[in-house]
Amino acid sequence: MPTVRYGAIACERHENESTLDALLRSGAPVSYSCKAGTCGSCMVRVVDGSAPARAQAGLKDSWKARGYVLACVCHAEGDLTLAPVDADTQVAARIVALDALSAEVMRVRLACDSGFDFSAGQYVTLIRPDGLARSYSIASLPGEDLELHIRLLPNGRMSEWVRTAARVGEAVRVLGPNGDCFYTPGRPEQPLLLVGTGTGLAPLYGIARDAVRQGHTGPIHLIHGAVRAEGLYLDETLRALGGVHYKPTLLHADGPVDQVVLGLFPKPAGMRAFLCGDPAIVQTLKKKLFLQGLDLRDIHADAFLPAA
Amino acid sequence: MEAAVDIFYRKVLTDGRISHFFDGVDMDRQRAKQKAFLTMAFGGPNSYSGQDMRTAHARLVTMGLNDSHFDAVVELLGGTLAELGVPANLIGQVAAIAESTRKDVLGR
Ligand SMILES: Cc1cc2nc3c(=O)[nH]c(=O)nc-3n(C[C@H](O)[C@H](O)[C@H](O)COP(=O)(O)OP(=O)(O)OC[C@H]3O[C@@H](n4cnc5c(N)ncnc54)[C@H](O)[C@@H]3O)c2cc1C
Ligand code: HEM
């Protein structure tokens, strides 16, 4: 069994166990959230030993160069000596605004102390002062403050904090950006199909405006699905948004969003799709759009997986 | 090759005889695997050993993977190639290469 070292801790990694689980079992102070290689909160630096490429999938080149790996998807065959990531990897930020967009959704605006480059639609991992980490998509455009739309899940640990305890001026940390769910120029005439449920709207709101800003000429369809009318938390803003065909849809009135989308676009081949929000809905839509002829490489998706 | 991957994968996902084996597998990763599958079937660079094929399908064998499913996949592969206008003798060669993996895929 390979040995994993982290500071003063040394432990054996069992077969089928991730490096993260081995570290947690030994009491190493490593934070984590998704345990699926997305959120980045368990990122550590390899000081000695070699990790498989899979443990660096999706990381920025500058992070790969520093030897960073995601411990949750790291199954190295040999021994590893690990250390925390450099202090400048997480960006210090302050909460500059907290506005309820509806009874269930809070808009959180963050100003980063140093510059923070991102593409509209990517996500960041928000780290609370006590270390709790959760991923949120960015709804704003590059150059603006970070805008997050946080659904206030009853009894959710981050949700409850945002609803009751977080204050303007509060210091937090941000890790990222991550994800490849964003608009790229080229093929400006291609019709865009943006579909999100709940706060899956957040990245799409950024992507739609980014596409308009970058001179996209093809139609931009933005479909927001909610269970009830109160869930259409950006309805007024989206109706007034130029250059975008906004279509709200309600589960109770119109049926499941995947059926609505396929009803509107029975032949989606040639479109570019962005799908965000509930993991089951994202997965279903991805499969159905692919089977109806959409190229998988034209489907960009972020499933909002819950923390492990 | 890219065209073949999509056509083949669409067939696999919609074929009631075998689609359940693919439920819950990540689509992007699975597409990459379909590509590995086709590369192999075309006799291209093969980075999989017989043991790899056993390991990759062991979970499916416990789900009941058998000869009829294997035949279905070979049939869909032939159908894909025919759709793309590949001549029959070449399809026969591809099917023979796929056939050579039967024991390993079915874990016998
Ligand atoms: C890439 C990515 C992007 C994301 N972007 C956003 C975003 O823009 N906006 C946003 O609001 N969220 C987003 N999420 C989800 C977010 O990271 C958290 O999972 C969510 O805010 C819940 O965290 P919590 O600490 O409040 O709840 P937790 O304390 O983690 O969970 C509390 C309980 O609720 C359950 N639960 C978790 N999620 C759900 C759910 N969706 N529905 C029902 N039950 C659930 C959990 O299983 C648990 O039992 C994203 C996730 C990922 C992976
Ligand atoms: C005809 C011969 C076959 C060949 C050459 C073949 C080839 C492969 C290859 C190369 C992989 C990827 C392994 C990896 O990278 O992990 C794979 C995985 C897979 N194969 Fe096959 N395969 C064959 C038959 C079948 C059949 C008959 C089925 C089911 C009906 C099947 C279902 C799958 C599934 C579901 C996976 C993914 C397993 C997982 O990720 O859990 N294959 N196959």
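Okay, so let's go over this structure. Throughout, a residue's number is its position along its own chain's written sequence, starting from 1. The naming scheme follows written order: chains are lettered A onward, ligands numbered 1 onward. Side-chain atom pairs in this predicted model are given and counted only at pLDDT of 80 or more, local residue features only at pLDDT of at least 70, and totals for whole chains, interfaces and linings cover all residues. Calculation of side-chain values draws on the structure's entire complement of heavy atoms; hydrogens and water are dropped beforehand.

Turning next to the coordination of the iron atom of ligand 2. In an ideal octahedron of six donors the angles at the metal are 90 or 180 degrees, and in an ideal tetrahedron of four donors they are 109.5 degrees. Metal donors: N, O and S atoms at distances within 2.8 Å, or within 3.2 Å for Na, K and Ca, with water omitted from the atom set so that some sites may seem incomplete. In this structure, the iron atom of ligand 2 receives exactly one donor atom from the protein: His 57 of chain B (NE2), at 2.1 Å. Only DSSP runs of H or I with at least four residues qualify as helices, and only runs of E with at least two residues qualify as strands; both kinds are numbered from the N terminus onward. Position of His 57 of chain B relative to the elements: it lies in helix 3 (residues 50-62).

The next point concerns a positive patch on the surface. Only residues whose relative accessible area exceeds 30% and that form no salt bridge enter a patch; like-charged residues are grouped when within 9 Å of one another, and nonpolar side chains (Val, Leu, Ile, Met, Phe, Trp, Tyr) when within 5 Å. We get accessible surface area from the Shrake-Rupley algorithm with a probe of 1.4 Å; when it comes to residues, only the shown protein chains can shield them. A pair is scored as a salt bridge if a Lys or Arg side-chain nitrogen falls within 4 Å of a carboxyl oxygen belonging to Asp or Glu. Only four residue types enter the charge count, namely Lys and Arg as positive and Asp and Glu as negative; His and the chain termini do not. Where a charge sits is defined by one atom per residue type, namely NZ (Lys), CZ (Arg), CG (Asp) or CD (Glu). Taken together, the side chains of Arg 54 of chain A together with Arg 29, Lys 33 and Arg 59 of chain B present a region of like positive charge at the surface. In this fold, Arg 54 of chain A is placed in the loop between strand 3 (43-48) and helix 2 (61-65). Overall, the relative accessible area of 47% leaves Arg 54 of chain A in the partly exposed class. Accessible area is worked out with a 1.4 Å probe on protein chains only. A residue is then buried under 20% of its type maximum, exposed over 50%, and partly exposed in between.

Any two residues whose heavy atoms approach within 4.5 Å at even a single point are treated as in contact. Taken residue by residue, the interface counts 11 residues in chain B and 10 residues in chain A. Summing the contributions of chain B and of chain A, the shared interface buries around 1100 Å²; its carbon and sulfur component is 58%. When the buried surface of chain B facing chain A is broken down by residue, Arg 10, Leu 13 and Met 27 of chain B rank first, second and third, together holding 51% of it. For the salt bridge of Lys 287 of chain A with Asp 23 of chain B, the shortest nitrogen-to-oxygen distance reads 3.7 Å. In protein, a polar contact means a hydrogen-donor-capable atom and an acceptor-capable atom, both N or O and within 3.5 Å, with residues adjacent in sequence counting only if both atoms are side-chain atoms; elsewhere, any N or O pair within 3.5 Å suffices. Summed over the shared surface of chain B and chain A, the result is 4 residue pairs in polar contact (both at pLDDT 80 or more). Looking at the side of chain B that touches chain A, the elements that each hand over two or more residues are helix 1 (2-14) and helix 2 (27-41) of chain B. For the side of chain B that touches chain A, the element with the most residues is helix 1 of chain B, which contributes 6 residues. Looking at the side of chain B that touches chain A, its residues break down into 4 nonpolar, 1 polar and 6 charged. Throughout, the accessible surface (probe 1.4 Å) given up by two parts as they are put together, summed over both, is called the buried area. Amino acids outside the nonpolar list (Ala, Val, Leu, Ile, Met, Phe, Trp, Tyr, Cys, Pro) and the charged list (Asp, Glu, Lys, Arg) are all regarded as polar, and Gly is one of them.

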